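The lines below spell out each chain.
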Amino acid sequence: GGPEGLGEPLDRMQIRCWTGEVVEYPAESLVGADLSGKNLHRADFSNADLSNSNFSRADLRNAEFPAAKLDGARFIEARGMNAYFAGASCQNAVFERAMMSYANFEEADLTGADFSGSVVDGVNFIRANLSGARMSWSSYEDPKLNGAVFDRNTTWPEGFSPVIHGAVLRPEDT
């Protein structure tokens, strides 16, 4: 022991949840972590590097990821209702069939992200980068896209017009 954990092995990470729970993870880093199926309700991942981590089928309701690095992370069939991803880097992240209603991706970098089959009712994508993203959601009541940028490689649900919802085609693609 000792003050500030001196002499303690750095082989465990603690994920603190605003519910008061602490989830232990047996590693020095959360890069590439397998957190699939975990209960991470209201977990705080602010500014964390979670690149290539697996959150598939995890409970991420109200979890916080502001300014986190989530490039290549997998959220397949995750429950991320009301999760907060504002300013996060989610390049090539996979949100396939995820329940993301009312999540906040404001100013997030979602370049190449995959939301195929996901539920994004009321999701905030304001000023997000959606270049090359697969936005073929299964349900999308009232998505907020004001100022979100997309390119000719971004795919949308059939009949959906991103421009009507406030998204902007990248100028070099017009």
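Residues numbered from 1 in each chain as written. Predicted model: local features only at pLDDT ≥ 70, side-chain atom pairs only at ≥ 80, totals over all residues. Heavy atoms only, no water.

Trainee: Can you explain the overall build of the protein? Please cite residues and give values.
Mentor: Looking only at helices and strands, the protein has zero helices and four strands in total. The order of helices and strands in the protein, counted from the N terminus, is β-β-β-β. For the protein, the spread of C-alpha atoms along the three principal axes comes to 60 × 30 × 20 Å. The proportion of buried residues among the 174 residues of the protein is 47%. Taking contacts inside the protein between residues at least 6 apart in sequence as the whole, the part at least 24 apart equals 4%. Total accessible area on the protein stands at roughly 8,400 Å², and carbon and sulfur atoms take up 47% of it. (Helix = DSSP H or I, 4+ residues; strand = E, 2+ residues; numbered from the N terminus. Buried < 20%, exposed > 50% of the residue type's maximum accessible area, 1.4 Å probe, protein only. Contact = heavy atoms within 4.5 Å. Areas by Shrake-Rupley, 256 points an atom, 1.4 Å probe, with all protein chains shown as cover.)

Trainee: So what about the side chain of Ser51? Which residues, and what values?
Mentor: You can see Ser51 is positioned in the loop between strand S2 (22–25) and strand S3 (149–150). Once residues within four sequence positions are removed from consideration, Ser51 is found in contact with Val31, Gly32, Lys69, Leu70 and Asp71.

Trainee: Could you give an account of the confidence of the model for the protein, naming the residues involved and the relevant values?
Mentor: For the protein, the mean per-residue pLDDT works out to 91, and 94% of the residues sit at or above 70. At the low end of the mean pLDDT range in the protein sits strand S1 (residues 13–16), at 81; at the high end sits S3, at 98. For the stretch residues 1–10, pLDDT sits under 50, and the model shows four contacts to residues farther than four places along the chain or on other chains. (pLDDT = per-residue confidence, 0-100.)

Trainee: Lay out the environment of Met135 in plain terms, naming residues and giving numbers.
Mentor: As for its position among the elements, Met135 is in the loop between S2 and S3. Taking the relative accessible area as the measure of exposure, Met135 reaches 0% and is therefore buried. The spatial distance from the C-alpha of Met135 to the C-alpha of Phe115 is 5.1 Å, given a sequence separation of 20 residues. Look past the residues within four positions of Met135 in its chain and what remains in contact with it is Phe115, Phe125, Leu130, Thr154, Thr155, Trp156 and Pro157.

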